[in-house]
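# Close look at the chain arrangement
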Amino acid sequence: MRYKLKNFSIDGFDVNKIAKKYKTPVYCYSFKKLRENILNFNKNFKHIDPLTCFSVKANSNKILLNEIGKLGLGADVVSIGELLKALKSGIKPNKIVFSGVGKTKNEISFAIKKKILLINAESKSEILEIEKIAKIKKKQVNVGIRLNPNTDAKTLSQISTGKKENKFGVSEKNFLELSKYIRNSKYMNLKCLSVHIGSQILDTRPYEKMLKVLDKMIKKINYHFEYIDLGGGMGIDYGNNNKRLNLKKYSSIVKKFKEKHKTKIIFEPGRSIIGNSGILIAKIIYIKEGHKKNFIIIDAAMNDFMRPALYNARHRIIPAVRNKRKSNKSYEFVGPICESTDKFSTLKKFQKLYENDLILICDVGAYGMSLSSNYNTRPKPLEILIKDSKIKIINKRQNLKDLI
Ligand SMILES: *Cc1c(COP(=O)(O)O)cnc(C)c1O
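Residues numbered from 1 in each chain as written. Predicted model: local features only at pLDDT ≥ 70, side-chain atom pairs only at ≥ 80, totals over all residues. Heavy atoms only, no water.

## Remarks on the packing of helix α2 (residues 31-44) against helix α9 (residues 247-261)
Close contact between α2 and α9 brings their axes to 9 Å; oriented N to C, the two are set at 40°. Considered as vectors, α2 and α9 are oriented oblique to each other. In contact with Asn 40, Phe 41 and Asn 44 of α2, α9 contributes Leu 247, Lys 248 and Ser 251. Class assignment for the residues of the contact of α2 with α9 results in two nonpolar, three polar and one charged. (Axes fitted to C-alpha atoms, helices over the stretch in contact; angles between N-to-C directions. Helix = DSSP H or I, 4+ residues; strand = E, 2+ residues; numbered from the N terminus. Parallel < 35°, antiparallel > 145°, perpendicular 65-115°, else oblique. Contact = heavy atoms within 4.5 Å. Nonpolar A, V, L, I, M, F, W, Y, C, P; charged D, E, K, R; others polar.)

Now the structure itself:
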């Protein structure tokens with residue numbers, strides 16, 4: 001992904017040509033980048049030999065899941081829909097873990113039937129429900145308990161999950177009680193201690209704190225867990241300040257932890273696997289001149305890409321064709337939706353833009369399409385994958401007819 005002279009291209013394909021052929025807005029993924037991310041993740045964590053389960057909620061495109069599966073990853077799912085997609089994409093049940101605070105009877109039942117690796121339970125009620133279903137089915141179910149380690153991930157509050165005020169996991173006290181309960185149950189095997197403290201974590205310190213809490217917990221409980229699931233959350237560089245999580249450093253910290261506890265480590269990365277492999281190509285519909293700034297109204301909106309509206313997340317916006325003219329006003333990039341939060345970025349020094357120009361929103365591979373909706377009765381965008389010098393449609397543009 002780079003500029004070739006003036007035009008931006010993705011793995012050899014000029015985005016102008018892509019937009020002309022496939023129309024906009026369009027999500028465009030690079031297989032090369034996806035593969036590179038997975039190989040890089042594997043390389044950094046090689047000496048830990050973890051089971052890496054891709055967090056399906058980051059991107060649940062079946063063809064991408066299939067590619068991710070072929071590159072050796074399992075899946076972390078949070079609903080029966082994601083579980084079905086993972087299975088349909090060819091990911092083996094023994095590489096699938098199921099997280100989430102509100103798994104229904106139907107979801108638990110299906111997960112047991114499919115013999116997935118682990119159900120990571122998040123409450124006493126859920127554990128009782130799992131036991132009840134297992135008893136009816138006369139099965140022994142492998143479960144983990146998700147601990148809330150009360151650790152601040154130092155990330156956006158909306159994507160922090162490991163503090164005691166968050167709904168996720170169980171407290172240390174409840175963990176002790178529940179692990180005892182499971183160990184005494186005929187229908188459940190206590191296999192795993194799981195945690196996930198949040199997303200877009202840029203520093204290893206929150207992870208170090210989390211591992212300390214786990215250390216203490218394991219000592220207290222005096223039980224050997226076959227698996228310790230450390231969740232995901234590895235932060236990527238969104239281009240604002242060149243920061244990202246140092247995977248190598250994190251890996252060496254986890255290695256010590258693993259050696260001490262002699263356990264299999266599970267990771268559940270989402271964003272770090274797919275985030276920077278996707279770009280959203282959009283076209284400028286109108287430029288509306290304002291007093292101090294111009295509104296650049298593009299044909300992608302918060303229904304297509306919600307992170308800026310939902311989390312106030314900042315994504316790089318770049319032009320599809322570079323020019324040398326500078327705008328003297330700042331630009332606010334907005335979508336057509338009737339909400340003031342339907343905006344992507346306000347940028348001061350941008351090149352001069354014109355109506356019908358294409359712009360690119362970067363690093364939208366994770367929590368992009370998976371968070372899209374039909375708000376304002378807008379059809380969801382097309383998704384394409386560039387692989388081996390070919391463009392493949394991996395999800396058709398929704399049709400207005402389907403919506404109406
Ligand atoms: C969202 C989520 C992940 C993935 O988080 P990333 O920041 O995308 O790596 C992993 N595990 C659980 C339980 C999650 O909810």
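## A few points about the packing of aromatic side chains
Two aromatic rings are characterised by how far apart their centres lie and by the angle between their planes. Evaluation of the coordinates by the stated rule reveals 13 aromatic pairs. In this structure an aromatic cluster arises from ring pairing among Phe 41, Phe 45, Tyr 207, Tyr 250 and Phe 267. The aromatic ring of Phe 98 is capped on one face by Lys 103, whose charged end is 5.7 Å from the ring centroid. Taking NZ or CZ as reference, Arg 322 lies 3.8 Å from the ring centre of Tyr 3, over its face. (Phe/Tyr/Trp six-rings, centres within 6.5 Å; stacked < 30°, edge-to-face > 60°. Lys NZ or Arg CZ within 6 Å of the ring centre and 35° of its normal.)

## Here we look at the sheet that holds strand β5 (residues 51-55)
In space, the eight strands of this closed barrel follow the order β5-β6-β7-β8-β9-β10-β11-β12, with parallel pairing throughout. Pairwise comparison of adjacent strand axes, ignoring direction, gives a mean angle of 30° for this sheet. In this sheet, strand β11 (residues 227-229) lies alongside strand β10 (residues 188-194) in parallel orientation, the contact comprising three bridges. Note that in β11 the partner of Leu 193 across the bridge is Ile 228. (Pairing = 2+ DSSP bridges.)

## Things to note about α2
For α2, spanning 14 residues, the distance from its first C-alpha to its last is 20 Å, which sits close to the expected 20 Å at 1.5 Å a residue. Residues Phe 31, Leu 34, Asn 37, Ile 38, Phe 41 and Asn 44 constitute the buried set of α2. (Expected span 1.5 Å × (residues − 1). Buried < 20%, exposed > 50% of the residue type's maximum accessible area, 1.4 Å probe, protein only.)

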